[in-house]
Structures are given as structure tokens and as C-alpha cells.
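An overview of the molecular structure
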Amino acid sequence: MIICVCKAVSDKTIRRSVEHGEVISLRDLSRETGLGTCCGKCVPAARATLAQALSALPSTAAMNRDLGMPLGAPAAC
Ligand code: FES
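Okay, so let's go over this structure.

1. What about the nonpolar core?
- By size, the foremost hydrophobic cluster in this structure holds 11 residues: Ile3, Cys4, Val9, Ile14, Val18, Val23, Leu29, Leu35, Cys42, Ala46 and Leu50.
- For this core, the secondary-structure elements that each account for two or more residues are β1 (2–4), α1 (11–19) and α3 (43–55).
- With residues near it in sequence (within four places) discarded, Ile14 still touches Ile3, Val9, Leu29, Ala46, Thr49, Leu50 and Ala53.

And the structure:
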């Protein structure tokens, strides 16, 4: 589904950008795709899609647990 008609940005593009770690905020998304920089009507839908995509990411705690690391342990360099 197209979220931003002006810049032809789809929900799939937003999800993919989040999954690849390219985007963690609406500002990032706007900078990467131009979303919201024309009429701005897409911003509420983009914000909702972005929040949904971010919430679907595994949390750091879950990743640490999966790696067998205790919560709060410093990252190994
Ligand atoms: S629909 Fe996104 S800027 Fe117009």
C-alpha cells in the first residue's frame, strides 16, 4: 500500500528500511525517502506504520537473552 503518494513510498519500503536499520524515526524516514516533504498528508499513516515496524523488531533484551548474555551486561568488543 502506498503511504506517501507524493514520493511514492509504500508501507513495504518503510518496513524494509526499519528492518535494515536505516530508519528509526520519522525524521530518518523523511530524509531517506522524502516522505512527508511535499503535502504532508501521509505523516499520520507513516508514523503509525513506522511505530508498527519498530515494535516488530526484536528488543535488545530479547537479543541478549538469545545470545545467553545477562541483561545489562556490557557489550563485548
Ligand atoms: S503524500 Fe506524502 S508528502 Fe504528500
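The rest of the description comes next.
2. Some thoughts on α1
- Among all positions of α1, only Thr13, Ile14 and Val18 are buried. Buried residues of α1, viewed axially, fall in a sector of 130°; they line one side. In α1, those exposed residues whose orientation departs by more than 90 degrees from the buried face are Lys12 and Glu19.
- Trailing α1 by a residue or two, Gly21 shows a phi angle of about 75°, which is positive.

Criteria and cut-off values
Residues numbered from 1 in each chain as written. Predicted model: local features only at pLDDT ≥ 70, side-chain atom pairs only at ≥ 80, totals over all residues. Core = buried A, V, L, I, M, F, W, Y, C linked by C-beta atoms within 7 Å. Buried ≥ 20, exposed ≤ 12 C-beta atoms within 10 Å, placed from the backbone. Helix = DSSP H or I, 4+ residues; strand = E, 2+ residues; numbered from the N terminus. Contact = placed C-beta atoms within 7 Å. Arc of directions from axis to C-beta.

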